[in-house]
Amino acid sequence: MVEAGEGADGGARAPAPRAWQAGACLAVAAAVFLAYYPALDNYFLEIDDALHLASARDGAYASPHFRPLHHLLFLGLYRLCGTHPAPYYAASLALHLCCALLLLRLVRLLTGECLAALIGALAFAVFYAPHEAVLWISANTTLLVAVFVLACVTSHVLHLQTGRLRHFCASLVFMAGAMCSKEECVVLALFLPAVEAAWGGWRSLWRKASLLRYGAFALLAAAYLAVAFRPELWQEAGGVARYELGADLFPRLARSLGWLFWLRPFHEGAATAPCALPAGVALAVCALLAARRMGAHGRLLLVGLAVALGGFLPLLPGPFEIVAKRYAYVSSIGAALMVAAVLAWLLQRVRARFGRGALLIAFLAWLALQMVAIHAVEGWRFERSCARFRGLMESTRAEVVGPAGGQGGVVVSPIIWNVQDYLSGLYVILDLPRSVVSIEAVPWPDRFTERLLPGNDLDLAACRVFACRGDGLLRRLTAAKDAPVDWWNQQARDREKLGQGRTIALVRFLAGAR
């Protein structure tokens, strides 16, 4: 462990000048803003956002998981901002910035190098892999757990360096916060000892003081496992609840590691990485071999590799083949540590100004490429989806529950992954009572055609019927009952593509719904 006042090379380490600290923080903040500012203009996403808003309005958490701090975060944002989306995105950007600044502090503590710390923070700030956690409001629980994880490790390092009890107590508090945020907190079981062992050696973990520290951590972890992993919390989770250890875990770890560094799609439908498995294996082997020659930077590289792999473990033994998107946020901390270790070591080894300048220019170009990729996926995936949900909400207000809302109506298969999100949006955004809207998924074609027969309750000729266009806007059908069979087939196929079965979803509005 780098002692207080000591640099990574064993020499004296002067405290970082305040001007450098301020400049580094501003640089990291600018990187976060430049990477994610387009999200501030987005509407709510059509998946889960409305569900969490409705749960905040009702005061009940929408997820079966043990994540009380996530519920409190949504509750506070809803009380302060209502249904204005910009503050929710601003909160996500702020949490991501907190993570990057904590990483800046942590790398500075571990290596004693200002440049390595800045490289790691900038790499994490614009890293493409976990973009979904920042661009999707409902995924801010991942940002929340990462803040507490980094705060816990930073306090732990400060305790190891100074021996002060208050830093140890702070690490326990932050560990509890991580446990109340999301299941990825289990990465602390690897992150905390990896940091201590990398600098103090594995024998340092068996000292009496270390055993007492980790005993306290273990007691807190046992209490968390007893609360968060109760069977009744997971019985409704389907495949996500399956957690099986087997030999296939190792190739999936390697594949996810290779996928973590793969700069993915600039456009919709881009091909996946065809060689993620060999790339992940090569990356892990090279890191293990290079670490022996890199001194203190090698230790940082090993910690980064451990955190990158450890971040996958809460999910990989389940149904996932590759951990990506928001699930890779914690692992991206390890990736940023690896980038910082390698580049800082190279800059230290290369003496020529031209060589150092070329390395820095290459790093800045890599950062710019990450930003371009984030902007691309924000446009074709998130902005488009948010615009579709906004169109669905606004056209429902105008066409169904507007001036003619007293007549009621039926919306056929709104283009949305989960129709319950539509219902929650009607409740929390349009302020419609739940009692005036009902949702029914009718199997196609047999059950649906039976309901159209005279004498049954599905009389589309007697009510206003609306279909959902690709942009989310509604249009009224003039003769819904006589619509071509191919049209109804397409509605059922669209629902099937969304994973909702071959059904026709009918959203009914009672007369007088306003």
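Scroll up a little and you will see the structure.
Residues numbered from 1 in each chain as written. Predicted model: local features only at pLDDT ≥ 70, side-chain atom pairs only at ≥ 80, totals over all residues. Heavy atoms only, no water.

Before going further, it helps to spend a moment on the overall build of the protein. Helix and strand content of the protein: 19 helices and five strands. Relative to its full complement of 514 residues, the protein shows a buried share of 52%. Partitioning the intrachain contacts of the protein with sequence separation of at least 6 by distance along the chain shows that 77% fall at a separation of at least 24. Total accessible area on the protein is roughly 22600 Å²; 63% of this is exposed by carbon and sulfur atoms. (Helix = DSSP H or I, 4+ residues; strand = E, 2+ residues; numbered from the N terminus. Buried < 20%, exposed > 50% of the residue type's maximum accessible area, 1.4 Å probe, protein only. Contact = heavy atoms within 4.5 Å. Areas by Shrake-Rupley, 256 points an atom, 1.4 Å probe, with all protein chains shown as cover.)

Overall, the coordinates contain twelve aromatic pairs when judged by the stated rule. Each ring, one from Phe44 and one from Tyr88, has its centre 5.6 Å from the other, and the planes form 75 degrees; the classification is edge-to-face. Taken as a pair, Phe44 in the loop between α1 (18-36) and α2 (49-58) and Tyr88 in helix α4 (residues 85-111) lie far apart in primary sequence, 44 residues in all. Owing to a relative accessible area of 0%, Tyr88 belongs among the buried residues under this scheme. In this arrangement the basic side chain of Arg57 is found over the ring face of Tyr427, its NZ or CZ atom lying 4.5 Å from the centre. (Phe/Tyr/Trp six-rings, centres within 6.5 Å; stacked < 30°, edge-to-face > 60°. Lys NZ or Arg CZ within 6 Å of the ring centre and 35° of its normal.)

Taken together, the side chains of Leu277, Val281, Val285 and Leu289 define a hydrophobic patch exposed on the protein surface, amounting to about 320 Å² of accessible area. Position of Val281 among the secondary structure elements: in helix α13 (residues 276-291). Note on Val281: relative accessible area 41%, which makes it partly exposed. (Patch = residues over 30% accessible without salt bridge, like charges linked within 9 Å, V, L, I, M, F, W, Y side chains within 5 Å. Salt bridge = Lys/Arg side-chain N within 4 Å of Asp/Glu carboxyl O.)

This part is about the packing of helix α12 (residues 249-260) against α13. Contact pair α12 / α13: the axes reach a minimum separation of 7 Å and the direction vectors enclose 90 degrees. Taken together, the axes of α12 and α13 lie roughly perpendicular to each other. Contact residues: Pro251, Ala254, Arg255, Leu257, Gly258 and Trp259 in α12; Ala276, Leu277, Ala279, Gly280, Val281, Leu283 and Ala284 in α13. (Axes fitted to C-alpha atoms, helices over the stretch in contact; angles between N-to-C directions. Parallel < 35°, antiparallel > 145°, perpendicular 65-115°, else oblique.)

Our focus in this paragraph is the nonpolar core. Ranked by size, the top nonpolar core spans 143 residues in total, and within it Tyr88, Leu103, Phe191, Leu260, Met393, Tyr422 and Phe509 carry the most contacts. Broken down by element, this core gets its largest block of residues, 14 residues, from helix α16 (residues 353-400). Beyond its immediate stretch of four places on either side in the chain, Phe191 contacts Leu106, Val149, Leu150, Val153, Val303, Val307, Ile333 and Leu337. Residues Val410, Val465, Ala467 and Leu477 belong to the second largest nonpolar core, which totals ten residues. (Core = buried A, V, L, I, M, F, W, Y, C linked by side-chain atoms within 4.5 Å.)

Attention now goes to the environment of Val412. Tracing the sequence through the fold places Val412 in strand β1 (residues 409-412). Here Val412 falls in the buried class, since its relative accessible area comes to 0%. Between the alpha carbons of Val412 and Phe466 there is a distance of 6.1 Å; along the sequence they are 54 residues apart.

Strand order in the open sheet made by the five strands is β2-β5-β1-β3-β4, with mixed pairing throughout. This sheet does not close on itself; its edge strands, each paired only once, are β2 (437-443) and β4 (474-477). When the angles between neighbouring strand axes are averaged without regard to direction, this sheet yields 30 degrees. Pairing analysis gives three bridges linking β1 to strand β3 (residues 465-468), with the strands arranged parallel. Paired with Val410 across the strands is Val465, a residue of β3. Of the strands in this sheet, β1, β3, β4 and β5 (503-509) are in contact with α16, which crosses β4 at around 40 degrees. (Pairing = 2+ DSSP bridges.)

Moving on to the pattern of salt bridges. Note that side chains of opposite charge can pair when their charged atoms are close. Enumeration according to the criterion identifies six salt bridges in this entry. Linking Glu46 and Arg388 is a salt bridge whose minimum nitrogen-to-oxygen distance equals 2.7 Å. With Glu46 in the loop between α1 and α2 and Arg388 in helix α16, this pair connects stretches of sequence that are 342 residues apart. Accessibility assignment for this pair places Glu46 and Arg388 in one class, buried.

Here the focus is unusual backbone geometry. Phi at Asp48 takes a positive value of approximately 75 degrees, unusual for a residue other than glycine. Relative to the helices and strands, Asp48 is located in the loop between α1 and α2.

Where helix α3 (residues 68-81) contacts helix α7 (residues 140-162), the two axes come as close as 10 Å, and the packing angle between them is 120 degrees. α7 is crossed by α3, and the crossing has right-handed handedness. Each of Leu69, His70, Leu73 and Phe74 in α3 lies in contact with α7, whose residues at this interface are Asn140, Thr141, Leu144 and Phe148. Residue composition of the contact of α3 with α7, grouped by class: five nonpolar, three polar and no charged. (Left-handed = near helix turned anticlockwise from the far one by under 90°. Nonpolar A, V, L, I, M, F, W, Y, C, P; charged D, E, K, R; others polar.)

A few words on the side chain of Glu132. The residue Glu132 is located in helix α6 (residues 131-135) in this model. In contact with Glu132, other than residues within four places in its own chain, are Ala139, Lys325, Arg326, Arg381 and Phe382.

With 15 residues, helix α8 (residues 165-179) should reach 21 Å at 1.5 Å per residue; the first-to-last C-alpha distance of 21 Å fits that figure. Of all the positions in α8, only His167, Phe168, Ser171, Met175, Gly177, Ala178 and Met179 are classed as buried. In this structure, the buried side of α8 is in contact with α3, α7, α9 (188-200) and α10 (208-228). (Expected span 1.5 Å × (residues − 1).)

With that out of the way, let us pick up α2. Since there are 3.6 residues in each turn of an α-helix, residues three or four apart along the chain are aligned in direction. Of all the ten residues making up α2, seven are buried; the element is thus mostly covered by neighbouring parts of the structure. Those residues of α2 that fall on the buried side of the exposure criterion are Asp49, Ala50, His52, Leu53, Ala54, Ser55 and Ala56. On its buried side, α2 packs onto α3, α4, α16 and α17 (419-428). Looking one or two residues past α2, Gly59 carries a phi angle of roughly 80 degrees, positive in sign.

This part is about the environment of Phe74. Considering the arrangement of structural elements, one finds Phe74 in helix α3. Those residues in contact with Phe74 that lie beyond four places of it in its chain are His52, Leu53, Ala56, Tyr88, Ile137, Ser138 and Asn140.

What follows deals with the pairing of β3. Look at any regular strand and the pattern is simple: side chains alternate between the two faces of the sheet. Both faces of β3 are covered, namely the face carrying Val465 and Ala467 and the face carrying Phe466 and Cys468. Across four bridges, β3 lies against β4 in antiparallel orientation. Each bridged residue has a counterpart across the sheet, and for Phe466 the counterpart in β4 is Arg476.

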